[in-house]
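Remarks on the overall topology
Now for the letters of each chain:
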Amino acid sequence: MDFSLTDDQKALVQAAADFSRAELADHAAEWDATSHFPVDVIRRAGEAGFLGIYIPEERGGLGLSRLDASLIFEQLSQGCISTTAYLTIHNMVAWMVASWGNEALRESWVERLISGECLGCYCLTEPGSGSDAASLRTKAVREGDEYVISGSKMFISGAGANDVLVVMARTGAPDSGAGGVSAILVPADAAGIEYGKNEEKMGWKSQPTRLISFDGVRVPVGNRLGEEGEGFKLAMKGLDGGRLNIASCSLGAAQHALTLSRNYLQERKQFGRELAQFQALQFKLADMATELAAARLMVRHAAWRLDQGDPEATAYCAMAKRFATDMGFSVCNEALQLHGGYGYLREFPLERMVRDTRVHQILEGTNEIMRVIVARRLLADGVIEALQ
């Protein structure tokens, strides 16, 4: 059992860290303050290969593993959590199109998604279905060689600045549940699509979040990803990796917060001594580092399980997502506390990091739903024994 990174992985970490410092870190506060979506920087991420990380090389991507992707996103998020989070979503969309689109769809979209010429959105959540995603009501009725899509999607990252949507829509009967859902690629400018206002959010302000309405939107049946009725299964496959990606963003945020905290404790003096000399604060720093180390091991282990096609990979991904995102928010919040009043000022990055990491406990499946996923597996015969 070897936990060390390979030379190739070390090179990936360095490349991602360099990009994070050069393109993200110095601008994150301004993007947050002005709600600016840095499309130009996202396209430069494409030039660096960071928009097609786990798309196979024969289809134009880097062909890397989910573990490699986790390493990259951890580094990028140390520069800007919010922008990196969008990069993870875009990667998921591009991977789904490359994996399950027909040849014509791949020819039309994959190269442009990998380069950043086109930006993607993942459309699952609806105003009336969040955690209960299988109850979604957006429908796609087949008329000849077309689907006619009607309904709405909520909390869609990148919406309004995007070029393509991967939409989960009901092609089966209204009561068909998960088995009646299909995944359909929809051009973002198709007739009948309307975008709502850019939501005013607590965090993740460097990416737009909008409601998307579909009113009789027509797309060819050939725009379906996979077979009819497979959409929910594909959505969940996407979310296994998506959960690791957002967990990795939490790792990067916690790492940055830990570094800032160490530096502050060594610089700040109270009662004639550096804060770093107070044992209570040393213990707090030690606990933050311990939680981060534990979460990092969980995320990398889950990524390895997913790469290996392990039958319990979904449970491992859910456990890692729950633990790492709880940890990421906690460490950033503790770091803010260590900084006292300065941590609460926008001049310092910690208040933004606390706001940005809070949503990680909600999206890609709430952490309560992660517990449901894990518990269901634990109650199946032999699973607890298999997790040893």
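That block above? That's the structure.
First, a word on what this report is: a plain description of the structure on this page.

Here is what the cut-offs are and how they apply
Residues numbered from 1 in each chain as written. Predicted model: local features only at pLDDT ≥ 70, side-chain atom pairs only at ≥ 80, totals over all residues. Heavy atoms only, no water. Helix = DSSP H or I, 4+ residues; strand = E, 2+ residues; numbered from the N terminus. Buried < 20%, exposed > 50% of the residue type's maximum accessible area, 1.4 Å probe, protein only. Contact = heavy atoms within 4.5 Å. Salt bridge = Lys/Arg side-chain N within 4 Å of Asp/Glu carboxyl O. Pairing = 2+ DSSP bridges.

Mapped onto the fold, S77 is located in helix α4 (residues 66-77). Exposure remark for S77: the relative accessible area of 2% places this residue in the buried category. Excluding its chain neighbours within four sequence positions, the residues that come into contact with S77 are T84, S248, C249, G252 and A253.

It is worth spelling out the pattern of salt bridges at this point. Applying the stated criterion across every chain yields a total of 21 salt bridges. Where R224 meets E228, a salt bridge forms, and the shortest distance between an N and an O atom there is 3.9 Å. Between R377 and E312 there is a salt bridge; the shortest N-O distance is 2.7 Å. With R377 in helix α11 (residues 367-378) and E312 in the loop between α8 (279-307) and α9 (313-338), the pair connects residues that are 65 residues apart, well separated along the chain. For E312, a relative accessible area of 11% gives the class buried. Taken together, the shared-partner salt bridges connect D32, R346, E351 and R355 into one network.

Where strand β2 (residues 139-143) meets strand β3 (residues 146-157), five bridges bridge the pair, whose relative direction is antiparallel. Each bridged residue has a counterpart across the sheet, and for E143 the counterpart in β3 is E146. Joining the antiparallel neighbours β2 and β3 is a turn of two residues, in which G144 adopts a positive phi near 65 degrees. Pairing analysis gives nine bridges linking β3 to strand β7 (residues 209-220), with the strands arranged antiparallel. By the bridge assignment, I156 is partnered in β7 with R210.

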